[in-house]
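Survey of secondary and tertiary structure
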Amino acid sequence: MPTIAAIATPPGAGGIGIVRLSGPQSKALLARIFLSLSPRFENFRPWFMHRGRVLDQHGEALDDVLAVFMPGPRTFTGEDMVEIHCHGGPLIVQTVLESLLRLGARQAERGEFSRRAFVNGRMDLTQAEAVAELIAAPSREALRYSLNRLDGLLGRRVLALREELEALRVQVCLAVDFPDEEVECLAPADFGRAVSQVAHSVRGLLAGQKRAKVMQRGALVVLAGAVNAGKSSLLNALLGRKRALVTDIPGTTRDFLEEPCDLDGLPVRLTDTAGLRPGGSGGTDAVEALGMALSREKLTQADCILLLLDGARLGEAGAAAETCPDEAARQVLELAGNTPTLLVWNKSDLCAPAVFPPRWSGGRFCCMVSARSGDNVDFLAQGLRERLLADGCGNPPSDGLAPNARQALALEEALAELEELKADIRAGRPYDCCSVRLDTAAARLGEVTGLSSPAEVLDRVFAQFCIGK
């Protein structure tokens, strides 16, 4: 295995630049370019920072540095490693790297350090991917999930499911190999129940993919409702600043207005839309009609909808009614479909109904707020955050089980195989046929952690990494 070298810090000038090596010649290469400033220096003490001068190929000093030697296998890659911490000028860092390359090190490829860690058993593929996701985390919530996956939480859960399938395979093989022997075999009913339990767990893991999408790209939250319901006022209240114009004139917002917002570490894009009028198209002019058409389009794209109700106009009877009395709200609910929708009874300072939630709410999250005074807006923001991170399976938002797109694809293929296996068991298919589906499902789960991933998949994963990681 050749010794590889790369710059581990980002391009550009900085206070510190780090060059790292990994491989059997790491210590020897360091010894050839490092001159200690300590008169007591004899050898590189493992895991200890030594101060000295780094030299070029002509023996001339390049920089005053700190260097550390880390012996394998208890390193990031599982191999002997070296890091040289020099001043962060681009010329200095590049010259140090070039000196090591001239002495025999090879320039590391993208993700090669992490790939060696995977190959040497220092981490599974989910942990390796978490390294890249940790570096690129766009939010604090994404950072928290990446750390959980880096700890191996997702990999351990998938490995446990794969072991359950392997245990089932052993029992199935008993039935196939010793059909006439008095050995304890797996009954079809028990076999079906065991497969259903694994399929349920895989389905739960897949439900967490929604969280991964929300944390990586942010959630689109659309504020919708009738004209003059207070959508622009609520946008300003959630942002904590005046961003949208607010007037007493109905239909002030003609076009949608989108602003980024941080919900306790979760990135969202709040979108204020033009209010809808009864009848679906009525408006005083063509511009407002176009704005309402854009509002309906945004509703189809939303990850979550805040449906505002004008409490002052609906009054107490509006909450006590058996059906929604707000025609614009009914339009929104129809367009929302299965999109999570939070009912926001605005202007609670003018009307706080005795019956709440509204009888027609259908079990949706409901909240009374006053966008003008800010009353209860924090509670609404908390409820919004929880629903954006919910996966529909009761898993807590901090469990870290949020597979990325590659992992989700492998889980989907495993789940499809398990569903087919359940059908085969119900149809009374021979156990030797069932064992093939068990093998395939286990292999798909193995792809999540890298146990059975083909080389091209590994190449694609690690090619996304930066050089030096």
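The rules behind the values
Residues numbered from 1 in each chain as written. Predicted model: local features only at pLDDT ≥ 70, side-chain atom pairs only at ≥ 80, totals over all residues. Heavy atoms only, no water. Phe/Tyr/Trp six-rings, centres within 6.5 Å; stacked < 30°, edge-to-face > 60°. Helix = DSSP H or I, 4+ residues; strand = E, 2+ residues; numbered from the N terminus. Buried < 20%, exposed > 50% of the residue type's maximum accessible area, 1.4 Å probe, protein only. Lys NZ or Arg CZ within 6 Å of the ring centre and 35° of its normal. Salt bridge = Lys/Arg side-chain N within 4 Å of Asp/Glu carboxyl O. Expected span 1.5 Å × (residues − 1). Polar contact = N/O pair within 3.5 Å; in protein donor to acceptor, adjacent residues only side chain to side chain. Disulfide = S-S within 2.5 Å. Contact = heavy atoms within 4.5 Å.

Moving on: the packing of aromatic side chains. Applying the stated criterion to the full structure yields seven aromatic pairs. A ring pair is formed by tryptophan 345 and phenylalanine 356, whose centres lie 6.4 Å apart and whose planes are at 80°; its orientation type is edge-to-face. With tryptophan 345 in strand E12 (residues 341-346) and phenylalanine 356 in the loop between E12 and strand E13 (366-368), this pair connects stretches of sequence that are eleven residues apart. Judged by relative accessible area, which is 0%, tryptophan 345 ranks as buried. Members of the aromatic cluster, joined through ring pairs, are Phe34, Phe41 and Phe44. Looking at arginine 20, its charged tip hangs above the ring of phenylalanine 113, at a distance of 4.9 Å from the centre.

What follows covers the pattern of salt bridges. Note on pairing: side chains with opposite charge can pair once their charged atoms come close. Evaluated as defined, the whole model comprises 20 salt bridges. Residue aspartate 424 is joined to arginine 437 by a salt bridge in which the shortest nitrogen-to-oxygen separation is 2.7 Å. Residue aspartate 424 is located in helix H14 (residues 405-426), and its partner arginine 437 is located in helix H15 (residues 431-449); the two are separated by 13 residues in the primary sequence. In this structure aspartate 424 comes out as buried when scored by relative accessible area, which is 12%. On the basis of relative accessibility, which here comes to 24%, the residue arginine 437 falls in the partly exposed class. The structure contains a network of salt bridges with shared partners spanning Glu79, Arg106, Glu112 and Arg116.

To continue, consider H14. The end-to-end C-alpha separation of H14 is 32 Å, in line with the 32 Å expected for 22 residues at 1.5 Å each. For H14, the N-terminal capping position is held by asparagine 404, with its side-chain oxygen 3.2 Å away from the main-chain nitrogen of arginine 406.

As a further point, take unusual backbone geometry. What you tend to see is this: most non-glycine residues have negative phi, and most peptide bonds are trans. A cis amide bond links glycine 72 to the next residue, proline 73, at an omega of 5°. Position of proline 73 among the secondary structure elements: in the loop between strand E5 (61-70) and strand E6 (81-88). Between phenylalanine 356 and proline 357 the backbone carries a cis peptide bond, its omega angle lying at 5°. Inspection of the secondary structure assignment puts proline 357 in the loop between E12 and E13. Positive phi, close to 65°, is recorded for tryptophan 47, a residue that is not glycine. Along the chain, tryptophan 47 falls in the loop between strand E3 (34-36) and strand E4 (50-55). Despite not being glycine, lysine 347 shows a phi value in the positive range, around 60°. Relative to the assigned elements, lysine 347 resides in the loop between E12 and E13.

Turning our eyes to something else, we now look at the state of the cysteines. According to the stated counting rule, one finds zero disulfides in the structure shown. Cysteine 433 takes part in no disulfide bond, and the closest cysteine sulfur, belonging to cysteine 434, lies 6.8 Å away.

Quick look at the environment of arginine 330 now. Here arginine 330 is to be found in helix H12 (residues 327-336). Each C-alpha atom, one on arginine 330 and one on alanine 226, is 10.0 Å from the other, the two residues being 104 residues apart in sequence. The contacts of arginine 330, once residues within four sequence positions are left out, are Cys324 and Pro325.

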